[in-house]
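# Fold and contact review
Below, each chain spelled out in residue letters.
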Amino acid sequence: MSEQVTITIDGRELSARRGEKLLWAALRNEIYIPHLCAWPEIEPPEASCRLCYVEIEGRERPVTSCTEPVIEGMVVHTRSPRVDRLVASAFELIMSDHHLNCAKCPQHKRCELQKIARERRLRLRPSRLTALPRRGERDDSLKTIYFDSGRCVLCGRCIWACRELARVGAIGFSRRGYKQAVTTFGDLPLAETACTECGECVEICPVGAFSYKINAGGERESL
Ligand code: SF4
Ligand code: SF4
């Protein structure tokens, strides 16, 4: 059995596995910390979304909880003016190029962006930055799954799932900076790749970018 340590998060004393990442210890104990790119099996964590900041007593600056191993006696605060500022800025940046159309999105009401906005009282529509939604192309080439790149938040979880869970590796990041996108190798339609339509990308996507096609009866197409 793994060694347990005692930590304190937001005044609550909790038991956690020594060395496990703080983010998962908090979530398991129903303490919410925003996150998009993190997934328990993705090691090392990407720490690219910059949403999971917390303060740890004794540390000069906020740290990302997805990369921080727990140690005995650690005292953590998930909210502080510095943390809230960092999270609000990262969220605003993510939403500034997001094609926001919740009412028509298959992930409406289950979306991680909506959850972050709700939990942290943030606006989905950027208020400080000019919104420049990426009207990314929609890849409709597969029978059961589609990909709408305008909704993609570039968390990278689908790339990991396609490679590590499906063992296919049909997708990856291409281009840099503002133009960065999830694409297939050579930008081919998904139907022209080794994609098996296993659905791992849909299951792991925190937003409505990879989605199942819905049939006329409003039900998910069977795979
Ligand atoms: S991905 Fe989330 S925030 Fe974006 S349109 Fe869909 S439901 Fe709305
Ligand atoms: S398609 Fe979904 S899982 Fe993949 S990078 Fe975009 S938001 Fe993340």
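Everything below is about the structure printed above this text.
Predicted, not measured: the structure shown is a model, and the values here were computed from it. (Residues numbered from 1 in each chain as written. Chains lettered and ligands numbered in written order. Predicted model: local features only at pLDDT ≥ 70, side-chain atom pairs only at ≥ 80, totals over all residues. Heavy atoms only, no water.)

### A closer look at helix α2 (residues 81-96)
- Compared with the 22 Å implied by 1.5 Å per residue over 16 residues, the 22 Å span of α2 between its first and last C-alpha is a close match.
- Those residues of α2 lying buried are Val 83, Val 87, Ala 88, Ala 90, Phe 91, Glu 92, Ile 94, Met 95 and Ser 96.
- Lining the buried residues of α2 we find β3 (53-56) and α3 (112-120). (Helix = DSSP H or I, 4+ residues; strand = E, 2+ residues; numbered from the N terminus. Expected span 1.5 Å × (residues − 1). Buried < 20%, exposed > 50% of the residue type's maximum accessible area, 1.4 Å probe, protein only. Contact = heavy atoms within 4.5 Å.)

### Some points on empty space enclosed by the protein
- Under the criterion given, the structure shown has 5 cavities of 30 Å³ or more.
- The wall of the largest cavity is formed by 16 residues, among which Cys 162, Cys 195, Glu 197, Cys 198 and Cys 201 lie closest to the centre.
- When grouped by side-chain class, the residues that make up the lining of the largest cavity number 12 nonpolar, 2 polar and 2 charged.
- Of the pockets and cavities examined, the second largest cavity occupies roughly 100 Å³.
- Around the second largest cavity, the lining is made up of 15 residues, and of these His 98, Leu 100, Cys 102, Cys 105 and Cys 111 lie nearest the centre.
- Of the residues contributing to the lining of the second largest cavity, the split by class is 7 nonpolar, 7 polar and 1 charged.
- There are two domains that each give the lining of the second largest cavity at least three residues, and those are domain 1 (1-133) and domain 2 (135-223). (1 Å grid on protein atoms, 1.4 Å probe; cavity = no way out; pocket = protein on both sides within 12 Å on 5 of 7 lines; lining within 4 Å. Points joined across faces, edges and corners; volume = space filled by probe spheres on them. Nonpolar A, V, L, I, M, F, W, Y, C, P; charged D, E, K, R; others polar. Domains from an automatic or database assignment.)

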